[in-house]
Amino acid sequence: MAGTLTFTMIKPDAVSKNYTGAILQQICEAGFRIVAMKQLHLSAAKAGEFYAVHKERPFYGELVEFMSSGHIVAAILEKENAVESFRKLIGATNPANAEEGTIRKRFAESLGKNAIHGSDSDENAAIEGNFFFSGLERF
Ligand code: GDP
């Protein structure tokens, strides 16, 4: 059975353009409940750790530099079938290929600076949520 939790980050491009409120509004209107949330600035080391699965990819350095370039907003979200439902809401990795009305289509500027992260599996949602939040920070 599909899980009810996913993990997201509003990325530095979107936070710096002051899109945080509009993106959170779209997430809440889509029926997600915020279980945990905080704004923070990742160090390059922490961003590298988070994206360690992409270590061998040619864009890893650029990704780590970008994700540590400014504030992010990290959150754990709850909804039935959360991972798949949220991936649909955010749209394709490259905003040029994202469906109309999706968060990436509305707010992202490029394949690298694509406004928002969404976990790709229940297992990764749990790992990523645990990376940022303790049990005391979830409600
Ligand atoms: P996602 O699951 O849709 O976020 O996509 P991936 O897991 O494939 O990639 C992780 C993140 O790496 C993406 O959200 C982008 O921010 C970034 N990324 C992916 N491909 C590229 C690329 O070709 N160039 C750059 N600069 N960043 C990329």
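These figures come from a predicted structure and were not determined experimentally.

### Overview of the nonpolar core
Counting 19 residues, the largest nonpolar core has Ile10, Ile23, Ile27, Phe32, Phe86, Ile103 and Ile116 as its most contacted members. With 4 residues, the single largest contributor to this core is helix 5 (residues 82–90). Leave out the neighbours within four places in its chain, and Ile27 touches Phe32, Leu77, Phe86, Leu89, Ile103 and Ile116. Within the second largest apolar cluster, 18 residues are counted, among which are Phe7, Ala47, Tyr51 and Leu63.

### Observations concerning the site of the ligand
Every residue close to the ligand is listed here: Lys11, His54, Arg57, Phe59, Glu62, Leu63, Arg87, Thr93, Arg104, Leu111, Gly112 and Asn114. Taking Lys11, its side chain carries an N or O atom lying 2.9 Å from an oxygen atom of the ligand. Bound to the protein, the ligand loses 81% of the 550 Å² it would expose on its own.

### Considering the environment of Asn114
Its place among the elements puts Asn114 in the loop between helix 6 (103–107) and strand 4 (116–118). Considering only alpha carbons, one finds Asn114 and Ile10, 104 residues apart in sequence, at a separation of 9.2 Å. Once residues within four sequence positions are removed from consideration, Asn114 is found in contact with Lys11, Asp13, Thr93, Pro95, Arg104 and Ala108.

### A few points about the packing of aromatic side chains
For the structure shown, the criterion picks out 9 aromatic pairs. Where Phe131 meets Phe132, the ring centres are 5.1 Å apart and the plane angle is 65°; that geometry is what we call edge-to-face. The partly exposed category is assigned to Phe131, whose relative accessible area is 27%. Under the relative-accessibility criterion, Phe132 is labelled buried at 8%. Ring plane angle 45° and centroid distance 6.5 Å describe the contact between Phe132 and Phe133, whose orientation is recorded as tilted. Just as Phe132 is buried, Phe133 falls in that class too. Chaining the aromatic ring pairs together yields one cluster made of Phe7, Phe50, Tyr51, Phe131, Phe132 and Phe133.

Parameters and conventions
Residues numbered from 1 in each chain as written. Predicted model: local features only at pLDDT ≥ 70, side-chain atom pairs only at ≥ 80, totals over all residues. Heavy atoms only, no water. Core = buried A, V, L, I, M, F, W, Y, C linked by side-chain atoms within 4.5 Å. Buried < 20%, exposed > 50% of the residue type's maximum accessible area, 1.4 Å probe, protein only. Helix = DSSP H or I, 4+ residues; strand = E, 2+ residues; numbered from the N terminus. Contact = heavy atoms within 4.5 Å. Near = heavy atom within 4 Å. Polar contact = N/O pair within 3.5 Å; in protein donor to acceptor, adjacent residues only side chain to side chain. Areas by Shrake-Rupley, 256 points an atom, 1.4 Å probe, with all protein chains shown as cover. Phe/Tyr/Trp six-rings, centres within 6.5 Å; stacked < 30°, edge-to-face > 60°.

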